[in-house]
Amino acid sequence: MTRVVFMGTPEFAVPSLNALLDAGYEVAGVFTQPDRPAGRGNRLTACPVKVRALERGCEVFQFEKVKTPEGVAQLKALQPDVIVTAAFGQILTQEILDIPRHGVVNVHASLLPRHRGSAPINWCILQGEKTAGVTTMLTARGIDTGDMLLKAETEIGALETAGELTVRLADMGGKLLAETLEKYLGGEIRPIPQDEAASTYEPMLTREMGEIDWTRPAEEIACQVRGLNPWPCAYTDYAAGRLKVYLAQPVEAETDAAPGTVIASGAKAGLIVACGAGCLELLEIQAPNARRMTAKAYLMGKKIEIGTRFGAVE
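Parameters at a glance
Residues numbered from 1 in each chain as written. Predicted model: local features only at pLDDT ≥ 70, side-chain atom pairs only at ≥ 80, totals over all residues. Heavy atoms only, no water. Patch = residues over 30% accessible without salt bridge, like charges linked within 9 Å, V, L, I, M, F, W, Y side chains within 5 Å. Areas by Shrake-Rupley, 256 points an atom, 1.4 Å probe, with all protein chains shown as cover. Salt bridge = Lys/Arg side-chain N within 4 Å of Asp/Glu carboxyl O. Helix = DSSP H or I, 4+ residues; strand = E, 2+ residues; numbered from the N terminus. Buried < 20%, exposed > 50% of the residue type's maximum accessible area, 1.4 Å probe, protein only. Disulfide = S-S within 2.5 Å.

**Describing a nonpolar patch on the surface**
- Nonpolar side chains collect at one region of the surface, where Ile-91, Ile-143 and Tyr-201 lie side by side and expose about 330 Å² of accessible area between them.
- With respect to the helices and strands, the residue Ile-91 is situated in the loop between β6 (82-86) and α4 (94-97).
- A relative accessible area of 61% means that Ile-91 is categorised as exposed.

Next comes the structure, spelled out in structure tokens:
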């Protein structure tokens, strides 16, 4: 029986762990990030992979850096035939890559060689792409540079957020991993080198990326809103405070108002804002001192006056 060590941390990685266990592989150990403070009480909280691993009877190992001598020694002691990673969050050294005789197989949430890096799903939406996918690959030194094994592709919904797409790609990744290991370990797959000329790499997300520049086209702002949902979330400041925007769509509306100006506001009309090109309807928002809700629901009880300028604190 093939011995596998799995490395992963967030919810995206859970279907991949499930796929290994459901396929009957011997999961010798699961490596995750250490528990982190979370919630209002700032209590130490286990990541989703640790929770699922314990539920399914797997032994869990947590190292702040798996590349330490202690981490490497533990990996060697487990004697894996193959290591599988999915959104693990740590870069593996060549010493670790050399441990399993079949190498390290990674589940990456993009159609490589595009969107290397830690936030491929977000960047795919941020850049206005219509399709997304998952690639299984052999991990090499470097960030997402290894030879590709299999791919699965899907269309992105017109209003689909990064959070929603992550759920779908996670399930696709688990299924693709099961197919990949069966064919790769059976000698049916020839690894394909990535085309470096076609590769892209994007940085980690930051809170500052959420600020909306209303001089940009409505299409681009809509992608920003969807791509940064659920985190760090798009926002705009105005006289009443900070308005978080969770969902928006471009709409046709005639106006000569300055970018950032509210041109329609009401429970029926919705909340429409002029942009550098076109107009944007804000569909889901969180206004200052209010909970997250649809813009129309908010406007049933509160007002945002036509002529209000977003992006400017008066």
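Having seen it, we continue.
**Comments concerning the environment of Asp-22**
- Counting through the fold element by element, Asp-22 comes out in helix α1 (residues 14-22).
- Distance in space between the C-alpha atoms of Asp-22 and Ala-178 is 9.1 Å, their sequence separation being 156 residues.

**What about the state of the cysteines?**
- Here the structure, examined in full by the defined rule, presents 0 disulfides.
- Left without a disulfide partner, Cys-124 is nearest to the cysteine sulfur of Cys-223, which lies 9.9 Å away.
- For Cys-124, a relative accessible area of 5% puts it in the buried group.
- No disulfide involves Cys-233; its sulfur sits 16 Å from that of Cys-223, the nearest cysteine.

**Things to note about unusual backbone geometry**
- With an omega of 20°, the peptide bond running from Asn-229 to Pro-230 counts as cis.
- Among the secondary structure elements, Pro-230 is positioned in the loop between α7 (218-227) and β10 (234-238).
- Pro-232 follows Trp-231 through a cis peptide bond whose omega is 5°.
- Inspection of the secondary structure assignment puts Pro-232 in the loop between α7 and β10.
- A positive phi angle, near 65°, is found at His-115, a position not held by glycine.
- As for its placement among the helices and strands, His-115 is situated in the loop between β7 (104-108) and α5 (120-126).
- Classification of His-115 as buried rests on a relative accessible area of 2%.
- Of note, the phi angle at Asn-289 is positive, near 60°, even though the residue is not glycine.
- Assignment of secondary structure puts Asn-289 in the loop between β14 (279-286) and β15 (293-294).

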